[in-house]
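# Structure at a glance
What follows is each chain in one-letter form.
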Amino acid sequence: MSWLAHKRRRSRTSKYPFMINFELWNECNAQCTFCRTLDGDIYDQNPSNSGTVPVPKGKMSLELYKDVIDQAKDHLLIAVLYVNGEPLMYNGLYDAIRYASDRNVATVISSNGELMTESNSRKLLESDLDFLKVAISGFSDETVLVQHRTCHIEKIKENLKRFAQLIWEGNYRTLVMVDYVDYQYNSHEKEAARQFCADNGFVFNARPGNLFHLEDDHPDLLAKEKPPHSVDLPLNDLCEWPWKVMTINWNGDVFPCCDYVVWNDVEPLARLEAGKTDLAAVFNGESAAKNRFVHATQGRKAIDICALCPRTDTAFKY
C-alpha cells in the first residue's frame with residue numbers, strides 16, 4: 001500500500017510505515033568530526049540557524065518504544081534502533097531488541113564497535129538482533145582518529161572477531177556489515193578492511209564520507225577530498241520516506257525521515273505520548289498528508305531538508 005501510494009503520489013498512504021527509526025538516545029562516545037564537537041555537542045545541521053545552539057539530547061522511554069511496537073507490529077518489517085546516537089550506550093537496548101524480536105519485527109543497529117565488549121556482544125546475540133552495522137573510517141588508528149576522534153581500530157577489530165566467534169559458537173543468525181566510510185585519505189586501507197570482512201564472515205560495504213567540519217581539524221585533508229555526492233541537488237526523484245518510513249525522536253517527536261532530528265527549529269508532524277497517541281492517525285494525519293502533498297506537487301526543492309538530500313530510496317542514513 002505504501003509503494004502504491006508513493007507511485008500514485010497520494011497524500012494518504014498505508015495505515016502504518018514498514019520501517020520506523022527510533023532515536024533511543026542521541027548520546028555517543030565517538031565524537032565524530034562531522035557530527036559533534038570535542039565536548040560531545042551535536043551540531044545543528046539547519047543552515048538557517050547560526051549553529052551555536054547544539055541539538056538537545058535525551059533518552060526515549062521504553063514505555064513509549066514498546067507502545068509504538070505494539071501498535072505497528074502487525075505491519076512493521078524493521079525497527080531501526082538508532083538515528084544519531086550510539087545504541088550500545090542505551091541501557092534498555094537489549095530489552096528493546098527482544099521486545100521487537102518477540103513480535104516478529106526485525107531489528108537493526110549501527111555501532112562504532114568500541115563498546116562491543118564480550119558481555120554486550122552476548123546480550124546483543126541473545127536478544128536476537130537481526131542486523132549489526134559497524135562503521136569504521138579506516139583500518140589504522142592514524143586514519144580512524146581523523147574522523148572517529150575517540151575510537152581505536154585495533155580494539156574494534158578484536159571486538160568484531162570475538163563477535164564472529166560468538167555467532168559461530170551459538171549458531172546465531174545475526175548479520176554483520178562493516179560499513180567503510182570512504183575518503184581519499186583512507187582509500188589505501190579499504191582493501192585490508194574488505195579482506196578482514198571476508199575472513200570473518202561479514203558483509204563489506206563502502207559509502208561516501210561526510211566532509212562536514214573536516215576543515216576544523218584537518219584542512220590539509222579536506223583540500224584533497226572530492227565531494228561525497230556527484231549529483232545535482234535538489235534531486236528530481238520523488239522521495240520515498242514520507243510514504244513508507246517514520247522517524248521518532250527521543251522525546252516522541254515524529255518526523256518523515258532521520259535528517260530532521262539534527263535540525264533545530266523544525267516542527268514535528270506530531271509528538272507521541274505512550275498510551276495516548278494513535279500511531280496510525282499520526283502517519284496519515286493532517287501534517288503528514290500535507291508533507292506528502294508538497295513533495296508530490298512541488299518536489300524536494302520546496303522543503304529545505306529535502307532540497308539538500310542526495311538519497312533516492314529508503315537506504316541507510318549512516
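Below is a summary of the structure that appears in this document.

## A word on the overall build of the protein chain
- Helix and strand content of the protein chain: 13 helices and 9 strands.
- The C-alpha atoms of the protein chain give 19 Å as radius of gyration, which agrees with the globular expectation for 318 residues (20 Å, within 12%).
- C-alpha extents for the protein chain along the principal axes are approximately 50 × 45 × 35 Å.
- In the protein chain, which comprises 318 residues, the share counted as buried stands at 56%.
- Taking all contacts inside the protein chain whose residues are at least 6 apart in sequence as the whole, residues at least 24 apart take part in 72%.
- Carbon and sulfur atoms make up 50% of the accessible area of the protein chain, which totals about 14600 Å².

## A short note on the packing of helix 2 (residues 62–72) against helix 3 (residues 93–101)
- At a minimum axis distance of 10 Å, the contact between helix 2 and helix 3 shows a crossing angle of 15°. Between helix 2 and helix 3, the angle falls in the class roughly parallel. Every pair of crossing elements has a handedness; the one defined by helix 2 and helix 3 is right-handed. Contact residues: Leu62, Tyr65, Lys66, Ile69 and Asp70 in helix 2; Asp95, Ala96, Ile97, Tyr99 and Ala100 in helix 3.

## Brief notes about the environment of Val68
- Positionally, Val68 belongs in helix 2.
- What makes Val68 buried here is its relative accessible area of 1%.
- Leaving out residues up to four positions away in the same chain, Val68 has contacts with Ile20, Phe22, Ile248, Leu272 and Leu279.

## Comments concerning the environment of Asn236
- Structurally, the position occupied by Asn236 is in the loop between helix 9 (219–222) and helix 10 (241–244).
- Taking the C-alpha atoms as reference, Asn236 lies 31 Å from Ile136; in sequence the two are 100 residues apart.

## As for the pairing of strand 6 (residues 203–208)
- Alignment of strand 5 (residues 175–182) against strand 6, held across 6 bridges, turns out to be parallel. By the bridge assignment, Asp179 is partnered in strand 6 with Asn205.
- For the crossover from strand 5 across helix 7 (residues 190–200) to strand 6, the handedness is right-handed.

## Considering helix 3
- In terms of residue burial, helix 3 counts as a mostly covered element, since 7 of its 9 residues are buried.
- All of the buried residues in helix 3 are Leu93, Tyr94, Ala96, Ile97, Tyr99, Ala100 and Ser101.
- Next to the buried residues of helix 3 lie helix 2, strand 3 (106–111) and helix 4 (118–126).

## Thoughts on the packing of aromatic side chains
- Tallying each qualifying case throughout the model produces 7 aromatic pairs.
- Ring geometry for Tyr183 and Tyr185: centres 5.0 Å apart, planes at 15°, overall stacked.
- Judged by its relative accessible area of 12%, Tyr185 is buried.
- Measuring from ring centre to ring centre gives 6.2 Å for Phe196 and Phe202, while their planes differ by 50°; the resulting arrangement is tilted. Like Phe202, Phe196 is buried.

## Considering the nonpolar core
- Core analysis: the largest hydrophobic core is formed by 71 residues, its most contacted members being Phe22, Tyr65, Leu81 and Leu93.
- No other element matches the 7 residues that helix 6 (residues 153–170) contributes to this core.
- With residues near it in sequence (within four places) discarded, Phe22 still touches Met60, Tyr65, Val68, Ile69, Ala79, Val80, Leu81, Tyr82, Val83 and Ile248.
- Counting residues in hydrophobic clusters, the runner-up holds 23 residues, among them Val55, Cys239, Val245 and Cys306.

## Considering the sheet that holds strand 9 (residues 270–271)
- Read across the sheet, 9 strands follow the order 6-5-4-3-2-1-7-8-9 without closing on themselves; strand pairing throughout is mixed. Edge positions in the sheet fall to strand 6 and strand 9, since each has one partner strand and no second.

## Regarding helix 7
- Taken together, the buried positions of helix 7 are Lys190, Ala193, Phe196, Cys197 and Asn200. Seen along its axis, helix 7 keeps its buried residues to an arc of 120°; they face one direction. Opposite the packed face of helix 7, turned more than 90 degrees from it, sit the exposed residues Ala198 and Asp199.
- Check the buried side of helix 7 and you find it contacts strand 4 (131–136), helix 6, strand 5 and strand 6.
- A positive backbone phi angle near 80° is found at Gly201, which sits one or two residues after helix 7.

## A word on the environment of Gly201
- Tracing the backbone through its elements, the reader meets Gly201 in the loop between helix 7 and strand 6.
- When its relative accessible area of 63% is taken as the criterion, Gly201 is described as exposed.
- As for Gly201 and Gln165, which are separated by 36 residues in sequence, their C-alpha atoms are 10.0 Å apart.

Rules and cut-offs
Per chain, residues are indexed from 1 in the order of the written sequence. A pLDDT threshold of at least 70 governs which residues receive local features in this predicted model, and a stricter bar of 80 or more applies before side-chain atom pairs are shown or counted, although totals over entire chains, interfaces and linings include all residues. Neither water nor hydrogens contribute to the side-chain values; these are computed over all heavy atoms in the structure. Helix and strand definitions here come from DSSP, where helices need a minimum of 4 consecutive H or I residues and strands a minimum of 2 consecutive E residues; each element is numbered from the N-terminal end. We compute the radius of gyration from the C-alpha atoms alone; for a globule the expected value is 2.2 Å times N to the 0.38, where N is the number of residues. Any residue under 20% of the maximum accessible area for its type is buried, any over 50% is exposed, and the rest in between are partly exposed; the area is computed with a 1.4 Å probe on protein chains only. Between two residues, a contact is recorded if the distance between any of their heavy atoms is within 4.5 Å. Surface accessibility follows the Shrake-Rupley procedure with a 1.4 Å probe radius. Residue values consider only the protein chains on display as shielding. Helix axes use the C-alpha atoms of the stretch in contact, all axes being lines fitted to C-alpha atoms, and the angles between their N-to-C directions lie in the range 0 to 180 degrees. Should an angle lie under 35 degrees it is considered roughly parallel, over 145 roughly antiparallel, and from 65 to 115 roughly perpendicular; all remaining angles are considered oblique. Two helices that cross are described as forming a left-handed crossing if the nearer one is turned anticlockwise from the farther one by less than a right angle, and a right-handed crossing if clockwise. Here, a strand pair is defined by DSSP locating no fewer than two bridges between the strands. Throughout, right-handed denotes a crossover for which the path from the first strand over the helix to the second runs clockwise when the strands point away from the viewer. Each Phe, Tyr or Trp ring (for Trp, its six-membered ring) is paired with any other whose centre lies within 6.5 Å, and the angle between the two planes then decides the class: stacked below 30 degrees, edge-to-face above 60, tilted in between. Throughout this description, the term nonpolar core refers to a set of buried Ala, Val, Leu, Ile, Met, Phe, Trp, Tyr and Cys residues connected via side-chain atoms within 4.5 Å. Here the arc refers to the directions that run from the helix axis out to each C-beta atom.

Shape descriptors only; they carry no functional weight alone.
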